[in-house]
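One-letter residues, chain by chain:
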Amino acid sequence: MIIGEYKIRPRYNEVDQMGYVYHANYVNYCHQARTELLRQFGINDKVLEDNNVMLPVIEMNLRYLKPTGYDEELTVRTKIKELPKVRFKFEFEFENGKGEKTCTATSTVVFVDSKTRKPHQVPDMIVSALQNEFQLVV
């Protein structure tokens, strides 16, 4: 399993009239956290584009547990539990500065060739970058 942490402080324009982070912004936070986790393995949007790989989201689920306010530090823990094949699944857990869980989410993306727009198996470069994290320990 791969676990990464990403910290974010919601900006003023990301809160609603009630003073809480607007719910749709959590989708952006998940995307940022996923991007930063993959960057640790040399996989970023530029590398994907250069290799004609797109990662469209095909499923996104969020559960809001506790509101978060402006400038309140959030830690987003991103988990990859298995080496991807065609679909790439991510789990997210948001925690505030008091250690309280504020939101959980899951996201599934699929590998798509940017020229043909057809789904395909996980590219070798991604397998190579991630496979050591999934080796069985005997």
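Residues numbered from 1 in each chain as written. Predicted model: local features only at pLDDT ≥ 70, side-chain atom pairs only at ≥ 80, totals over all residues. Heavy atoms only, no water.

(A) The arrangement of the sheet that holds strand β3 (residues 57-64) in detail. Judged by pairing direction, the sheet is antiparallel, and its five strands sit side by side in the order β1-β4-β5-β6-β3 without closing on themselves. For this open sheet the edge positions go to β1 (2-8) and β3, each flanked by a neighbour on one side alone. The average angle at which neighbouring strand axes cross in this sheet is 15°, direction not considered. Here β3 runs beside strand β6 (residues 101-110); their pairing, made up of seven bridges, is antiparallel. Paired with R63 across the strands is T104, a residue of β6. (Pairing = 2+ DSSP bridges. Helix = DSSP H or I, 4+ residues; strand = E, 2+ residues; numbered from the N terminus. Axes fitted to C-alpha atoms, helices over the stretch in contact; angles between N-to-C directions.)

(B) Quick look at unusual backbone geometry. With a phi angle near 55°, N52 is a residue other than glycine that sits in the positive phi range. Judged by its relative accessible area of 25%, N52 falls in the partly exposed class. At R117, a residue that is not glycine, the phi angle is positive and equals roughly 65°. (Buried < 20%, exposed > 50% of the residue type's maximum accessible area, 1.4 Å probe, protein only.)

(C) Summary view of the environment of T78. Along the chain, T78 turns up in strand β4 (residues 74-80). For the pair T78 and H120, spaced 42 residues apart in sequence, the C-alpha to C-alpha distance is 24 Å. Ignoring sequence-local partners within four residues, the contact set of T78 consists of I2, I3, G4, A33, R34, L37, F90, E91 and F92. (Contact = heavy atoms within 4.5 Å.)

(D) Spatial organisation of the pairing of strand β5 (residues 87-96). Here β5 shows a buried face lined by F88, F90, F92, F94 and N96 and an unburied face lined by R87, K89, E91, E93 and E95. Pairing between β4 and β5: six bridges, direction antiparallel. Within the sheet, the bridge partner assigned to R77 lies in β5 and is E93. From the end of β4 to the start of β5, which pair antiparallel, there are six residues.

(E) Representation of the pattern of salt bridges within the structure. Enumeration over the complete set of coordinates arrives at nine salt bridges. Among the ionic pairs, E14 bridges to R11, the shortest N-O distance being 2.6 Å. Within this structure, E5, R77 and E95 form a network of salt bridges that share partners. (Salt bridge = Lys/Arg side-chain N within 4 Å of Asp/Glu carboxyl O.)

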